[in-house]
Amino acid sequence: SPAPVDTGVIFRIKNNNSVSSIKAHFDNVESTKLCTLISDKNGNSVSTVEHILSALYAFEIDNIYIDINSNEIPVYDGSSCFFVEKINQTGFDLQDSYKRFIKIKKNIEVIDNGKVARVSPFDNTLITTEINYDHKAIGKQTISILLNPKIYQSQVCSARTFGFLKDVENLRKNGLALGGSLKNAIVLDDEKVLNKDGLRFSDEFVRHKLLDFIGDISLAGHRILGSFFTSHTGHELNCKLLKKIFQSQDNWELVCSN
């Protein structure tokens, strides 16, 4: 639903006769295990927020209420295609206010066990993502895009999440990935992709990592103007980069545009 200027992205969870509101902000990130989960001080939470947030961020939608009747965003086919389709069907309006951006002022980097997330000053939103898996169906893949709705829709939004068959049993023993299947993820065994229809892109894996990264950085609250580089990151390191950006006012400034 539409929201007033300066609302941001708010998830509204209906529980019986009450409604809990949780703002999509990195301060509210509770868990980054397999997905990004945000919560409020009362223990209310919503998980798997990264795909819908990725689509909203790419389309530069700033103020919106997302109403749900459970504690998880539906995964659909494992990409953000569904949300992009709905945005295109519904459309959106300009609001009578200046749009605000977070402009990066200096290089900021986080590193963890060889994984890297970095942002440098730049006048637009440029994202370069790379992965390197010891698997013949994946290997090393790199993609770089200037983030805008057209590029996101044609090059990013249809890339699905992926996982390995060998990990499924252990995940399910721990109550995770219970709804995962070939209908909502790319699944690989030790040799190949198991989905009968194969891949949507030859490098669909790195494109989905990019999709997830866009969703996670949306938790900054405004579009970030900067050049990002990520190498084999996940939700945890993505959120750590955001936290490091906002550790010091020397790292960023808020700028306006109409």
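Here the residue numbers are simple positions, counted from 1 along each chain's written sequence. The predicted nature of this model means local features are confined to residues of pLDDT at least 70 and side-chain atom pairs, given and counted, to a pLDDT of 80 or more, with totals for whole chains, interfaces and linings taken over all residues. Excluding hydrogens and water, the side-chain values take into account all heavy atoms of the structure.

Caption draft 1: Summary view of the overall build of the chain. Regarding its fold elements, the chain presents six helices and 15 strands. It is over C-alpha atoms that the radius of gyration is taken, and the globule rule equals 2.2 Å times the number of residues to the power 0.38. Computed over the C-alpha atoms, the radius of gyration of the chain is 18 Å, within 12% of the 18 Å expected from 2.2 N^0.38 for a compact globule of 258 residues. The dimensions of the chain, computed from C-alpha atoms along their principal axes, are 55 × 45 × 35 Å. The cut-offs for exposure are 20% and 50% of the maximum accessible area for each residue type, with area from a 1.4 Å probe on protein chains only; residues under the lower value are buried, those over the upper are exposed, and the others partly exposed. For the chain, with 258 residues in total, the buried portion stands at 47%. What makes two residues a contact is simply this: any of their non-hydrogen atoms within 4.5 Å. Look at the contacts in the chain between residues 6 or more apart in sequence, and 70% of them connect residues 24 or more apart. Helix and strand definitions follow DSSP, with helices as H or I runs of at least four residues and strands as E runs of at least two, each counted in order from the N terminus.

Caption draft 2: Region of the structure containing the pairing of strand S7 (residues 99–104). Bridge analysis of S7 against strand S15 (residues 252–257) gives six bridges, and the strand direction is antiparallel. The residue bridging Lys99 from the neighbouring strand is Ser257, located in S15. Here, any two strands with at least 2 DSSP bridges between them count as paired. Direction of pairing for S7 relative to strand S14 (residues 223–231): parallel, over a ladder of three bridges. Its bridge partner lying in S14, Ile102 is registered against Ile224.

Caption draft 3: Up close: the nonpolar core. Core analysis: the biggest nonpolar cluster contains 64 residues, and Phe11, Val46, Tyr152 and Leu241 have the highest contact counts within it. Of all the elements, helix H5 (residues 204–217) adds the most residues to this core, at seven residues. Nine residue types can take part in a nonpolar core, namely buried Ala, Val, Leu, Ile, Met, Phe, Trp, Tyr and Cys, and a core is a set of them joined through side-chain atoms within 4.5 Å.

Caption draft 4: View of the sheet that holds strand S3 (residues 29–31). Here we have three strands laid out as an open sheet, ordered S3-S4-S5, and antiparallel in their pairing. Strands with a single pairing partner mark the edges of an open sheet, and in this sheet they are S3 and strand S5 (45–46). In this structure, strand S4 (residues 37–39) lies alongside S5, joined through two bridges in antiparallel fashion. Bridging from a neighbouring strand, Ser39 pairs with Ser45 of S5.

Caption draft 5: Just the sheet that holds strand S2 (residues 18–23), in detail. Taken together, three strands build an open sheet; the order of strands is S2-S1-S6 and the sheet is mixed. Looking at which strands have only one partner, the edges of the open sheet turn out to be S2 and strand S6 (64–68). Pairs of neighbouring strands in the sheet enclose a mean axial angle of 25°, with direction left out of account. Axis geometry follows a simple rule: fit a line to the C-alpha atoms, using only the stretch in contact for helices, then measure angles between N-to-C directions, giving values from 0 to 180 degrees. The sheet strands contacting helix H1 (residues 50–58) are strand S1 (9–15) and S6, and the helix crosses S1 at an angle near 145°.

Caption draft 6: View of the environment of Val75. Take Val75: it is sitting in the loop between S6 and helix H2 (81–90). Under the relative-accessibility criterion, Val75 is labelled partly exposed at 29%. Residues Val75 and Glu130 lie 55 residues apart in sequence; the distance between their C-alpha atoms is 24 Å.

Caption draft 7: Structural view of the packing of aromatic side chains. Any two rings among Phe, Tyr and Trp, with Trp reduced to its six-membered ring, count as a pair given centres within 6.5 Å; such a pair is stacked if its planes are under 30 degrees apart, edge-to-face if over 60, and tilted if neither. Overall, the coordinates contain nine aromatic pairs when judged by the stated rule. Ring centres of Tyr133 and Phe162 lie 5.7 Å apart, and the angle between their planes is 80°; this geometry places the pair in the edge-to-face category. Linking Tyr133 in strand S10 (residues 125–133) with Phe162 in strand S12 (residues 162–164), this pair joins segments that are 29 residues apart in sequence. Of the two residues, Tyr133 and Phe162, both sit in the buried class. Clustering of aromatic rings is evident, with ring pairs tying together Tyr133, Phe162, Phe164 and Phe205.

Caption draft 8: Representation of unusual backbone geometry. Phi is positive for Thr48, which is not a glycine, with a value near 55°. Looking at Thr48, the relative accessible area reads 10%, which means it is buried.

Caption draft 9: Representation of the pairing of S2 in the model. Looking at chain direction, S1 and S2 are connected through six bridges and run antiparallel. Across the sheet, the residue bridging to Ile13 is Ser20, located in S2. Counted between consecutive antiparallel strands, the loop separating S1 from S2 contains two residues, among which Asn16 sits at a positive phi close to 55°.

Caption draft 10: Looking closely at the side chain of Ser120. Tracing the backbone through its elements, the reader meets Ser120 in strand S9 (residues 115–120). Definition of a polar contact: a pair of N or O atoms within 3.5 Å, with one able to donate and the other able to accept a hydrogen when the atoms are protein atoms, and with sequence-neighbouring residues admitted only if both atoms are side-chain atoms. Side-chain polar atoms of Ser120 contact the side chain of Asn107, separated by 3.0 Å. Other than its neighbours up to four places away in sequence, Ser120 contacts Ile104, Asn107, Gly226 and Ser227.

Read these as layout, nothing more, since geometry by itself doesn't imply function.
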